[in-house]
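Reading the structure
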Amino acid sequence: MLSTKQAKSKEKGKIEADSTVFQNKVNFRPVFLAALGIGVGAAFIKYALISRILAFIITFIAIFACVFFIYIRKVRTIALFSIAFLIGFALANIKYPKNYPNGIYLVKGTVSEASYDYIELSGVSLNGSNIGKKLYVKVNNDYEIDTIVQSELYLNFTANEANINTRLRYCSLNYIATANANSGEIEVTGQAKTLNGFFKDIRQILQNNIEGLFGRNSNIISLILLAKSKTAIDYDTLSSIRDSGIAHIFALSGLHIAIFAWVLMLVLKPLSPILRYSILTLFLVVYTAVAGFPPSLVRSLIMSLFLFSADIFNRRNDTLTSLSASLIVVLLIYPFQIFSVGLLLSYFAVLGLLLLSNPLTDLLSPYVSKQVLTPIASTVSATLGTFPVSSYFFKRFQVYSVITNVIAIPISSASLISAFVGTLIGFFSKALATPFVFVANTAMDAVLILSDAIANMPLATVSVGTMPLLTAVLYYLALFAASDYFIAMPNRIDDAAISQARKYKLKISVMLITATAISLLVFM
């Protein structure tokens, strides 16, 4: 029998242990809250464009929340989110394109991007007035990058688009207007010399070398190395890639940056952190420039630089903080990127990895070996992270995408590295480049055969409805509740407290999943 004093001491110890577990139930990062606030604030411009009264009401509520929770209730997290919301909303309003009337304008600008049927003009002036935006022009002729052109064109301004989603999609690309032009309507007036043109010349040299080395797969190799247009791939191949759920492999993104960074970090491991980071940064920046600064690669570059900078400052590498910091940088520069499908998919994929990869690994580790489990957990986590975004924009789900990605990502990674090394060696000796070309082509053939086989299986893709906003919020809250960012337990604590924390997490997760399912049934 315990004495009264001993019983009280034991009870006190239990209470202290329980409070240790639950003292930080929500393991948020301030930078994550700031990124979330700026993103939501920038996205709210959509509703502000529909109703200015609604915009005023929400802005007033956000300002009131800032004051109330800072000075009255001392709840700093809500205040931080509110301040970030106001910053994002203000930036979106400031950078929203000026409303010009549709009509004929004397347009002058420099070709910054050119494809088979369109050109993108930068440094655009309208009737002699510089507007600092880009112009999208459909054409039926070839134009070189850095060509200075002018023409009288009928412009449809993005701010005048009746469909709000179309308007915001153009805004995410920084287009102020669109136009159609025949070859005779556009006059070439000169040639500019820009870094964009310099890197374009390097890209063309690399592409010519790729075409001479890789033969049948040269277009695909150019696509995964240099962001060449997907229209260069035949329709059937492109459809198979999409229907099998591996289209992201063929778009320069975080996956490609991660592969290059991983290989470089292994090679540069003997060097000091500062020198290693400097070389890595230089390589990734130059590579992004040569690829033509595709938005997905720029976002991944910024995130990677934040991630790898932890070594220099001797700080713990916190991926969620790095992810959030990179999003803040992107949105501060151009808030309308929040409406970019590529940005949403890439960030939610990484977020899914951060939230679910460890819990899934812990759950399945007693039954599956780590070598098999790691890629499965990563793929499932990324797929679950992007599901609401995919359902909203594409309205279809690739049923076998997890299986396809688990197999295809390692093979395509081998193809990417081999293709890159083979391309560089091919400038000096095609004979020495032959083994790398063989590996790259063989691996790519295997990926294409796999994607074709998966795409032709029954129910490879199924149509899904758009997930309602409330359901999406509950869905991500459920993912968060299952993650390590909810009730992060200290290392030194007894088994009973750990068990209690896990039961609490499970209870919250089940409640949120149930609420998600109910809202899905009610609103869809």
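Everything here concerns the structure above.
My aim in this report is to walk through the structure given alongside it, one point at a time. Since the structure is predicted, the reported quantities are computational estimates derived from the model, not experimental observations. (Residues numbered from 1 in each chain as written. Predicted model: local features only at pLDDT ≥ 70, side-chain atom pairs only at ≥ 80, totals over all residues. Heavy atoms only, no water.)

Turning next to the pattern of salt bridges. All chains considered together, the criterion is met by four salt bridges. Of the charged contacts in the structure, one is a salt bridge between Lys134 and Glu120, with a shortest N-O distance of 3.5 Å. Separated by 14 residues along the polypeptide, Lys134 in strand β4 (residues 134-138) and Glu120 in strand β2 (residues 118-126) bring together distant segments of the chain. Here Asp445 ties to Arg216 by a salt bridge, and the two come within 2.5 Å at their closest N and O atoms. Placement of Asp445 in helix α17 (residues 430-455) and of Arg216 in the loop between α7 (195-214) and α8 (218-226) is noted, with a sequence separation of 229 residues between them. Owing to a relative accessible area of 22%, Asp445 belongs among the partly exposed residues under this scheme. For Arg216, a relative accessible area of 60% puts it in the exposed group. (Salt bridge = Lys/Arg side-chain N within 4 Å of Asp/Glu carboxyl O. Helix = DSSP H or I, 4+ residues; strand = E, 2+ residues; numbered from the N terminus. Buried < 20%, exposed > 50% of the residue type's maximum accessible area, 1.4 Å probe, protein only.)

Before going further, it helps to examine the packing of aromatic side chains. Working definition: an aromatic ring pair is given by the centre-to-centre distance plus the angle between the planes. Applying the stated rule across the entire model yields 23 aromatic pairs. Their ring planes at 50 degrees and their centres at 5.9 Å tell us that Phe44 and Phe85 sit as a pair that is tilted. One end of the pair, Phe44, is in the loop between α2 (30-43) and α3 (45-50); the other, Phe85, is in helix α5 (residues 76-95), with 41 residues separating them in the sequence. When the ring of Tyr334 is compared with that of Phe336, the centres are 5.7 Å apart and the planes differ by 55 degrees; the resulting orientation is tilted. By the burial criterion, Tyr334 is buried, and Phe336 matches it. Here the aromatic cluster, defined as three or more aromatic residues joined through ring pairs, consists of Phe44, Tyr47, Phe85 and Phe89. For the cation-ring pair, Arg169 lies above Tyr170, with the distance from its terminal atom to the ring centre recorded as 5.0 Å. Between Lys395 and the ring centre of Tyr392, over which it is positioned, the NZ or CZ distance is 5.8 Å. (Phe/Tyr/Trp six-rings, centres within 6.5 Å; stacked < 30°, edge-to-face > 60°. Lys NZ or Arg CZ within 6 Å of the ring centre and 35° of its normal.)

Attention now moves to the nonpolar core. Core analysis: the largest hydrophobic core is formed by 54 residues, its most contacted members being Ile45, Leu323, Phe336, Ile338, Leu343 and Leu355. In this view, Leu355 contacts Leu479, Phe480, Ala482, Ser483, Asp484 and Tyr485; residues no more than four positions away in its chain are not counted. Core analysis: the next-biggest nonpolar cluster, separate from the first, contains 47 residues, Leu206, Leu225, Ala289 and Val437 among them. (Core = buried A, V, L, I, M, F, W, Y, C linked by side-chain atoms within 4.5 Å. Contact = heavy atoms within 4.5 Å.)

Below, the discussion takes up helix α12 (residues 295-308). If you check α12, its first and last C-alpha atoms are 20 Å apart, about what 14 residues at 1.5 Å a residue would give, namely 20 Å. For α12, the set of buried residues is Leu297, Arg299, Ser300, Leu301, Ile302, Met303, Ser304, Leu305 and Leu307. Lining the buried residues of α12 we find α10 (254-267), α11 (273-290), α13 (319-333) and α14 (341-364). (Expected span 1.5 Å × (residues − 1).)

Two elements in contact, α13 and α14, have axes separated by 10 Å at closest approach and are oriented at 165 degrees. Here α14 runs roughly antiparallel to α13, going by the angle between their axes. Seen along the crossing, α13 lies across α14 with a hand that is left-handed. Each of Thr319, Leu320, Leu323, Ser326, Leu327 and Val330 in α13 lies in contact with α14, whose residues at this interface are Leu343, Tyr347, Val350, Leu351 and Leu354. Along the lines of polarity and charge, the residues of the contact of α13 with α14 split into nine nonpolar, two polar and no charged. (Axes fitted to C-alpha atoms, helices over the stretch in contact; angles between N-to-C directions. Parallel < 35°, antiparallel > 145°, perpendicular 65-115°, else oblique. Left-handed = near helix turned anticlockwise from the far one by under 90°. Nonpolar A, V, L, I, M, F, W, Y, C, P; charged D, E, K, R; others polar.)

This next bit is on a nonpolar patch on the surface. Residues Tyr47, Ile50, Leu54, Leu469, Val473 and Leu477 make up a contiguous nonpolar surface patch of about 560 Å² in total accessible area. Contributions of two or more residues to the nonpolar patch are made by α3 and α18 (469-482). Considering every element that reaches the nonpolar patch, the biggest residue donor is α18, with three residues. One can find Leu54 in helix α4 (residues 52-72). (Patch = residues over 30% accessible without salt bridge, like charges linked within 9 Å, V, L, I, M, F, W, Y side chains within 5 Å. Areas by Shrake-Rupley, 256 points an atom, 1.4 Å probe, with all protein chains shown as cover.)

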